[in-house]
Amino acid sequence: MVRRQHFIRYASLSVLALSFLFMGACTHVYQQPIHNISLHSTGDKINIPVRLEITDDLRNAKWEKHYMGDTFVMPLGENLVHHSTNLVRAVFSEVAAPGAGGEPRYVLTPKVVFVEQSFGVSAFSEAKLSIGMEWKLAKSTGEPVWVETVRGEGTGKAGNAFTGKEKMKERAEQALRNLFENSQRAMLTSNLLRNLK
Amino acid sequence: MEGRKARVFVLAVCMATLGITSCSTMTLKQYPGPSPQELQSSVSDDGISAIAYPLKSEEEFKDYFGVNLTQKGILAVHLTVANNKPNVSYLIRAESIRLGQQDVISRTTNDPSMRATKAANAIGITGGVLGSPVLIAVAAQQLSNSTIIKENFESKEFRSKTIDTGQKASGFVYFKSEDASKIGSVDVCFDVIDSINNKSFTYCTPMGSRR
């Protein structure tokens, strides 16, 4: 009789646990504010007329992970668009405003090529967010002139159920800062961009 | 009393497993590319030198990728391209990298060159698998490994780049293994664009083996 009661109790608990598993298909969104990244504006800008091309792919860029029926999403598009706009103004001397008349000689198109996040085994292990972005400068005819793929990384402890969100926000801020600083450096040190007319 | 012993035993196993697995987060190494001497040994008239090494040994796969790619149908070739020509910049488009001299446009729909995401999906890198409560720690280890392997795949891929004089570009290119059955006798080819002088050409280098 006691054994039967134990069996019923454990069976009920197992069914309850399994039901949580199958019913818990949630989407967790880690919203990111516009992180404050200051790009140093040097006096030695690149003297070519350029227009920044913002695509829907860039606006919708995000990190996404599916795990045990749940979806974890971190939107990045807003930050990428904001900082791409600032970057172009910091690097190039002539930047055409969106919708302005006439087509500048060159078009700069940023594209996210990967967003990956790795986690250690526990909350105390290191996690790393990597963002890869391709910058393509093409003539107004579409012919590519210069391409560079830049990577930004943000690392830190993964965090637990209470601190995980804040930790992810810190990693995102670090990765974005790293990405745009590296992008600026790649453009300003490019011999080809310096020699373009 | 018996139930209590069983619970204590399960708890002890969980703690031990968690303790063991939490000490063993996977770490993968950076691939040491060719030496400057190796790169200088084969410079073309256009100033380009390139070296391609396919990964073959179990030890290499374990060190650099954490998984045996050949067993999963993927050939990973490390490619380094250097520009030795003064006052010229060359654009290397990653999409143009292929095996043999086959023209990119005439490639079949079975694209032999796979992007890192496709390669990672092809070898079945997914999230951890939940088993019984005792195996949750093992599942955490599996999930951690899968995220590290996938991030490593993407980070190591050869990406499009414009290389100025004295610079180089390097990374891994992933091919479907069945398309490279003759490892060692196939060239790795890619398109080179000199946008300032309006020149473009194809450069090929034979797949070598590390000494």
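Cut-off values and rules
Residues numbered from 1 in each chain as written. Chains lettered and ligands numbered in written order. Predicted model: local features only at pLDDT ≥ 70, side-chain atom pairs only at ≥ 80, totals over all residues. Heavy atoms only, no water. Helix = DSSP H or I, 4+ residues; strand = E, 2+ residues; numbered from the N terminus. Buried < 20%, exposed > 50% of the residue type's maximum accessible area, 1.4 Å probe, protein only. Contact = heavy atoms within 4.5 Å. Buried area = accessible area lost by both parts, 1.4 Å probe. Salt bridge = Lys/Arg side-chain N within 4 Å of Asp/Glu carboxyl O. pLDDT = per-residue confidence, 0-100. Pairing = 2+ DSSP bridges. Axes fitted to C-alpha atoms, helices over the stretch in contact; angles between N-to-C directions. Parallel < 35°, antiparallel > 145°, perpendicular 65-115°, else oblique. Left-handed = near helix turned anticlockwise from the far one by under 90°. Nonpolar A, V, L, I, M, F, W, Y, C, P; charged D, E, K, R; others polar. Phe/Tyr/Trp six-rings, centres within 6.5 Å; stacked < 30°, edge-to-face > 60°. Lys NZ or Arg CZ within 6 Å of the ring centre and 35° of its normal. Core = buried A, V, L, I, M, F, W, Y, C linked by side-chain atoms within 4.5 Å.

Chemist: Give a detailed account of unusual backbone geometry, specifying residues and quantitative values.
Modeler: All names here are of chain B. If you check the backbone angles, Asn87 has positive phi at about 60 degrees while not being a glycine. Within the element layout of this structure, Asn87 appears in the loop between strand S2 (74-83) and strand S3 (90-92). Residue Asn87 is classed as exposed on the basis of its relative accessible area of 77%. In the Ramachandran plot, Asn198 falls in the positive-phi region, its phi being about 55 degrees despite a non-glycine side chain. Judged by its relative accessible area of 59%, Asn198 falls in the exposed class.

Chemist: Please set out the interface of chain A and chain B residue by residue, giving values where relevant.
Modeler: If you look at the interface, chain A gives 33 residues, while chain B gives 29 residues. When chain A packs against chain B, the two sides together hide about 2600 Å² of surface, and 55% of this comes from carbon and sulfur. Contact with chain B buries area across many residues of chain A, yet Tyr67(A), Glu116(A) and Val121(A) alone supply 23% of it, more than any other trio. Applying the counting criterion to the chain A and chain B interface returns three salt bridges.

Chemist: Which residues make up the confidence of the model for chain A, and what values do they have?
Modeler: Model confidence for chain A is summarised by a mean pLDDT of 87, while 91% of its residues fall at 70 or above. Averaged over each element, pLDDT in chain A is lowest for helix H1 (residues 2-23) of chain A (69) and highest for helix H2 (residues 56-59) of chain A (96).

Chemist: How would you summarise the sheet that holds strand S4 (residues 70-75) of chain A if you had to cite specific residues and measurements?
Modeler: Backbone-to-backbone hydrogen bonds join strands into a sheet, with any given pair of strands oriented parallel or antiparallel. Residues and elements named next belong to chain A. Spatial ordering of the open sheet is given by S1-S4-S3, a layout of three strands whose pairing is mixed. Each having just a single partner strand, strand S1 (27-29) and strand S3 (62-67) make up the two edges of the open sheet. The mean angle between the axes of side-by-side strands here comes to 15 degrees, regardless of whether they run parallel or antiparallel. Two strands pair when backbone bridges link them, and S1 and S4 are joined in this way by three bridges, in the parallel orientation. Its bridge partner being in S4, Val29 is matched across the sheet by Val73.

Chemist: Tell me what's going on with the packing of helix H3 (residues 77-91) of chain A against helix H4 (residues 164-188) of chain A, and back it up with residues and numbers.
Modeler: Residue and element names in this part refer to chain A. The contact between H3 and H4 brings their axes to 11 Å, and the two run at 30 degrees. The angle between H3 and H4 falls in the class roughly parallel. Both H3 and H4 take part in a crossing whose hand is right-handed. For the pair formed by H3 and H4, the contact residues are Asn79, Leu80, His83, Ser84, Leu87, Ala90 and Val91 on the first element and Leu176, Leu179, Phe180, Ser183, Gln184, Met187 and Leu188 on the second. Among the residues forming the contact of H3 with H4, the class breakdown is nine nonpolar, five polar and no charged.

Chemist: I'd love a proper account of the packing of aromatic side chains, names of residues and values included.
Modeler: Summed over all chains, the structure comprises 10 aromatic pairs over all chains. Measuring from centroid to centroid gives 5.0 Å for Tyr31(B) and Tyr64(B), while their planes differ by 70 degrees, and the two rings are edge-to-face. Taken together, the residues span a long stretch of sequence, with Tyr31(B) in the loop between helix H1 (2-22) and helix H2 (36-40) and Tyr64(B) in helix H3 (residues 58-64) at a distance of 33 residues. A relative accessible area of 11% places Tyr31(B) in the buried class. Between Phe190(B) and Tyr203(B) the ring centres are 5.5 Å apart and the planes differ by 35 degrees, which places this aromatic pair in the tilted class. With Phe190(B) in strand S8 (residues 187-194) and Tyr203(B) in strand S9 (residues 199-206), the pair connects residues that are 13 residues apart, well separated along the chain. Per residue, the accessibility class of Phe190(B) equals that of Tyr203(B), and both read buried. Directly above the ring of Tyr30(A) sits Lys165(A), whose terminal nitrogen or CZ lies 5.9 Å from the centroid. Over the face of the ring belonging to Phe65(B) we find Lys156(B), whose NZ or CZ atom lies 5.8 Å from the ring centre.

Chemist: Now, about the nonpolar core: what can you tell me, with residues and values included?
Modeler: Leu80(A), Phe92(A), Leu108(A), Trp135(A), Leu137(A), Phe180(A) and Met187(A) are the most contacted members of the largest nonpolar core, which totals 47 residues. Considering each element in turn, this core owes the most residues, nine residues, to H4(A).

Chemist: Tell me about the sheet that holds strand S8 (residues 144-157) of chain A, and name the residues and values.
Modeler: All names here are of chain A. Judged by pairing direction, the sheet is mixed, and its five strands sit side by side in the order S5-S2-S6-S7-S8 without closing on themselves. With one partner strand each, in any of the chains shown, strand S5 (92-96) and S8 form the two edges of the open sheet. Strand-to-strand twist in this sheet, taken as the mean axis angle between neighbours without regard to direction, amounts to 30 degrees. As defined by bridge partners, strand S7 (residues 126-139) adjoins S8 across 13 bridges and the pair is classed as antiparallel. Residue Trp135 lies in a different strand from S8, and its bridge partner there is Glu148. Running over the sheet, H3 touches strand S2 (46-52), S5, strand S6 (106-118) and S7 and is turned about 130 degrees from S5. Across the face of the sheet, H4 comes into contact with S2, S5, S6, S7 and S8 while running at roughly 150 degrees to S8.

Chemist: Requested: an account of the environment of Gly132(A), with residues and values cited.
Modeler: All names here are of chain A. Structurally, the position occupied by Gly132 is in strand S7. Along the sequence, Gly132 and Ala61 sit 71 residues apart, while their C-alpha atoms lie 11 Å from each other. The residues touching Gly132, leaving out its near neighbours within four places in the chain, are Lys111, Val112, Val113, Phe114, Val150 and Arg151.

Chemist: A description of the environment of Tyr30(A) should follow, citing residues and the corresponding values.
Modeler: All names here are of chain A. Position of Tyr30 among the secondary structure elements: in the loop between S1 and S2. By relative accessible area, Tyr30 is classed as buried at 15%. Between the C-alpha atoms of Tyr30 and Met168, which are 138 residues apart in sequence, the distance is 7.9 Å. Not counting chain neighbours up to four residues away, the residues in contact with Tyr30 comprise Phe72, Val73, Met74, Pro75, Lys165 and Met168.

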